Amino acid sequence: MNFNEKYELIDLSQEIYQGMPVFGMHQKTFIMTNQTHEQNQKATGSPTLGFSARNLLISEHGPTHSDAIWEFLPSGPTIEKMDMKLFYGNGLCLDLRHIRYPDPITIDDIKEALEKANLKFEKGDIFLMYTGHYDRTHPTLHSDDDAVDVLNYGGMLSTHTGIKYETTKWLAEQGVVNVGIDAPAVDLTPDDLDYGCHLACGEFGITNTENLCNLDKVAGKRFLYMGLPLKIRAGTGSPIRAVAFVEK
């Protein structure tokens, strides 16, 4: 059977654009025109075609991205040295929208959501948490008439739920290799200054993925997941194009 006939591809990646929300200390996104079609055609003297190109100034952690362990644990690997199996494979997503800041997502919350969706973890799973944070706060989803806090992009960068150390440790023990969320960070933000999810990821040699979107389309489902990082030398993380292949 044709692959495209068997699976529906769902894009889980946020759009990259100048002015996009970028968390904390990270570089804001700038996009600059390198040359226009007209400039290039004039420079080359081509009678038929001109080529346009732009330059990107972007953080490794700006848009939808995965972290290298080295970002927060200098004894860990940088992004190009991490096992590729952390970034593709079997995935599942749970609907956890009822949990809001300041409450963290707990082991019991995840167990309850697993039971409700009739799912269970398997070794090598990539686990995505649908919290609804992107849907509620991202500026591209709201009209100009909405009252948006420009500094925090309507709450996109302010406060959101996440998971702590013990929950991440438990997930790793269940076989999870990558923990993803539709928010700028997997930790309970801004309260968890131990950065418990990151800490546990480093200790167990797994990774996390942040700033996902469209998780409503895969919540309560299993699917094939792929979110490959760029091969950045000594990278602390990398933007990814995260997608889910859902069986039709």
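Here the structure is shown first, and the text comes after it.
Everything quoted here is computed from the prediction, not taken from an experiment.

Criteria and thresholds
Residues numbered from 1 in each chain as written. Predicted model: local features only at pLDDT ≥ 70, side-chain atom pairs only at ≥ 80, totals over all residues. Heavy atoms only, no water. Salt bridge = Lys/Arg side-chain N within 4 Å of Asp/Glu carboxyl O. Helix = DSSP H or I, 4+ residues; strand = E, 2+ residues; numbered from the N terminus. Buried < 20%, exposed > 50% of the residue type's maximum accessible area, 1.4 Å probe, protein only. 1 Å grid on protein atoms, 1.4 Å probe; cavity = no way out; pocket = protein on both sides within 12 Å on 5 of 7 lines; lining within 4 Å. Points joined across faces, edges and corners; volume = space filled by probe spheres on them. Nonpolar A, V, L, I, M, F, W, Y, C, P; charged D, E, K, R; others polar. Pairing = 2+ DSSP bridges.

Novice: Please provide a residue-by-residue account of the pattern of salt bridges, values included.
Specialist: Under the definition given, this model contains four salt bridges. A salt bridge links Asp 11 to Arg 241, with the shortest nitrogen-to-oxygen separation between them at 2.7 Å. Of the two residues, Asp 11 sits in strand E1 (residues 7–11) while Arg 241 sits in the loop between strand E10 (237–239) and strand E11 (243–247), which places them 230 residues apart along the sequence. Given the relative accessible area of 57%, Arg 241 is considered exposed.

Novice: Please give an account of the layout of surface pockets that cites residues and values.
Specialist: Computed from the structure, the largest pocket encloses a volume of approximately 430 Å³. Those elements giving two or more residues to the lining of the largest pocket turn out to be strand E4 (65–67) and helix H6 (196–204). By residue number, the principal contributor to the lining of the largest pocket is H6, which donates three residues. Among the residues forming the lining of the largest pocket, the class breakdown is 11 nonpolar, six polar and six charged. Approximately 180 Å³ is the volume found for the second largest pocket. Lining the second largest pocket, in full, are Leu 94, Asp 95, His 98, Asp 109, Glu 112, Ala 113, Lys 116, Ala 117, Ala 219 and Gly 220. Those elements that place two or more of their residues in the lining of the second largest pocket are strand E5 (88–95) and helix H3 (107–117). The dominant element in the lining of the second largest pocket, judged by the number of residues it contributes, is H3, at five residues. For the lining of the second largest pocket, a count of residues per class yields four nonpolar, two polar and four charged.

Novice: I'd like a description of the pairing of strand E8 (residues 207–210), backed by residues and values.
Specialist: Burial along E8 is two-sided: Thr 207 and Thr 209 and Asn 208 and Glu 210, pointing in opposite directions, are all buried. As paired strands, E4 and E8 are joined by two bridges and run antiparallel to one another. Residue pairing for E8: His 65 is matched across the bridge by Glu 210. Relative to E8, strand E7 (residues 178–181) is paired through three bridges, and the arrangement is parallel. Following the sheet pairing, Val 179 is matched in E8 by Asn 208.

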